[in-house]
Amino acid sequence: MAVDPRLAGRRVHVKVPATTANLGPGFDTLGLALSVYDELDVAVRDAPGATVRVEGVGEGEVPTDESNLIVRSIRHTFDHYGVEMPGLELVAHNVIPHGRGMGSSGAAIVGGIMAAKGLLEGIVAIDADGLLARATELEGHPDNVAPALFGGLTIAWMTPQGPQHKRLTVHRGVSLLVCVPESTTMSTALARSLQPESVPHEDAIFNVSRSALLIAALIQSPELLFAATEDKLHQNYRASAMPETDALIQVLRANGFAAVVSGAGPSILVLCGDPAQRLAAAEIVAQNAATPWQSHMLAVDFKGATVVAHPVEAAA
C-alpha cells in the first residue's frame, strides 16, 4: 500500500492532560483530567519508519524507535482506518510522571491517536467514539483514556458496541491535591494482580452506593466528598504493595481529608471542598512521609486532548 501523497509535509502539535482514575470507589469507571500536560510534535518525513526524541520525563529511558508507545498508537490508528503510516519524526515533551498513577501510558496512547487524527484530517474523519474505541483497544480499559481525551470528570463503561463515556463538569468548589512519591513507582499490571477474582456482596453494594454519591459530591455537593471516597473493592487489596501510600492515606483520612489512591498508585489524590484544605493536606504528607514526596495543587482540565495541524509548506 502506497503512502497517501496527501500526508506529505504534514505536521501536528498535540497536548494531552494527565489523569487520575478510580477516585476511590469508582474502580475502572471514573476518571478526572488534571492540569498537567505532555506535549508532542509529529512531522511526516520522506524516509520510512519513525524516530522519537524524548525531552523531560522518560528521557534516556523510554524507547525512541517504532516500539515507542506513541508510535505504536499512531500505527494502530492508521492501520484501523486502512491508511499506511508514513515515515515520522516525533518530539515528546513529557511532564507526566511515569509509573505514579497519573495516566502516563494513557496519555501516550491518546497522544498517538490524536496525532493520527490530526495527520489524517481531510483523509479520514475520526469522531469521539472512534477516538475512545482506538484508545481502549490499546489501554485495555477506558477509565484513564476517557478523561485524557475529553477532559473533566468522565464516567466510562463497556458495551457490546464498544466503550462509552459521559463527560461531566466538576463543581467549581472542588480543589485537587496530588501527592507524588519521588522514588516509588507502581506497575498497573502488578496492582491489578493483587485484586481478588470476586468480592463479598456487601462490599459491592458499598461501592455502588459510594460511586453514586461521589458523582453527586463532585458535580453538586463537595461537602460529601469524604464519605463518597470510601472504597472496599481495590485499595485495601493493593495496600501491601505500597505501604507508605496506604499509611499516608490513613493519616489524611483520620484528619478528615478525602484521600484516595490515584489510579494504580502510588500517588495520592486528595479531593478538597476548599482550596485552603490543600495546604493542610500537603503539610500532613510532608510531616508524615518517610521518603520525599512532592505535592501538586492542580485544577481539573476541562478541554481534554487537543491537536493542532500546522500548514503544509509549499515545495520550493
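Residues numbered from 1 in each chain as written. Predicted model: local features only at pLDDT ≥ 70, side-chain atom pairs only at ≥ 80, totals over all residues. Heavy atoms only, no water.

Details of the overall build of the protein
Piece 1. Along the backbone of the protein there are 10 helices and 11 strands.
Piece 2. Against the compact-globule benchmark of 20 Å for 316 residues, the protein has a radius of gyration of 20 Å, which places it among compact chains.
Piece 3. The burial tally for the protein puts 52% of its 316 residues in the buried class.
Piece 4. Long-range pairs, those at least 24 residues apart, make up 74% of the contacts in the protein with a sequence separation of at least 6.
Piece 5. Summed over its atoms, the accessible surface of the protein is roughly 13800 Å², and 54% of this surface lies on carbon and sulfur atoms.
Piece 6. Looking at charge distribution, the protein has the averaged site of its 21 positive side-chain charges lying 5 Å from that of its 33 negative ones. (Helix = DSSP H or I, 4+ residues; strand = E, 2+ residues; numbered from the N terminus. Rg over C-alpha atoms; globule rule 2.2 N^0.38 Å. Buried < 20%, exposed > 50% of the residue type's maximum accessible area, 1.4 Å probe, protein only. Contact = heavy atoms within 4.5 Å. Areas by Shrake-Rupley, 256 points an atom, 1.4 Å probe, with all protein chains shown as cover. Lys, Arg positive; Asp, Glu negative; His and termini not counted. Charge placed at Lys NZ, Arg CZ, Asp CG, Glu CD.)

Considerations on the environment of leucine 32
Piece 1. Among the structural elements, leucine 32 can be located in strand E2 (residues 30-45).
Piece 2. Overall, leucine 32 belongs to the buried group, its relative accessible area being 0%.
Piece 3. Residues leucine 32 and alanine 107, spaced 75 residues apart in sequence, show a C-alpha to C-alpha distance of 13 Å.
Piece 4. If sequence neighbours within four positions are ignored, leucine 32 has contacts with Ala18, Thr19, Thr20, Leu23, Pro147, Gly152, Leu153, Val170, Leu176, Leu271 and Val300.

What to know about the packing of aromatic side chains
Describing an aromatic ring pair means giving the distance of the ring centres and the angle of the ring planes.
Piece 1. Applying the stated criterion across every chain, the model contains 0 aromatic pairs.
Piece 2. Here arginine 210 stacks its cationic end above the ring of phenylalanine 206, 3.8 Å away from the centre of that ring. (Phe/Tyr/Trp six-rings, centres within 6.5 Å; stacked < 30°, edge-to-face > 60°. Lys NZ or Arg CZ within 6 Å of the ring centre and 35° of its normal.)

Some details on the layout of surface pockets
Piece 1. A volume near 410 Å³ is recorded for the largest pocket.
Piece 2. Along its surface, the largest pocket is lined by 20 residues, and Val62, Leu69, His98, Ser104 and Ala108 are the ones closest to its centre.
Piece 3. Mapped onto the lining of the largest pocket, the elements with two or more residues apiece are E2, helix H1 (69-80), strand E4 (87-94) and helix H2 (104-119).
Piece 4. Considering each element in turn, the lining of the largest pocket owes the most residues, 5 residues, to H2.
Piece 5. Along the lines of polarity and charge, the residues of the lining of the largest pocket split into 10 nonpolar, 6 polar and 4 charged. (1 Å grid on protein atoms, 1.4 Å probe; cavity = no way out; pocket = protein on both sides within 12 Å on 5 of 7 lines; lining within 4 Å. Points joined across faces, edges and corners; volume = space filled by probe spheres on them. Nonpolar A, V, L, I, M, F, W, Y, C, P; charged D, E, K, R; others polar.)

Here's the deal with the side chain of arginine 278
Piece 1. Counting through the fold element by element, arginine 278 comes out in helix H10 (residues 275-288).
Piece 2. Despite its burial, arginine 278 remains without a salt bridge, the nearest opposite charge being carried by aspartate 274 at 7.8 Å.
Piece 3. When neighbours within four sequence positions are excluded, arginine 278 is seen to be in contact with Ser175, Leu176, Leu177, Cys272, Met297 and Leu298. (Salt bridge = Lys/Arg side-chain N within 4 Å of Asp/Glu carboxyl O.)

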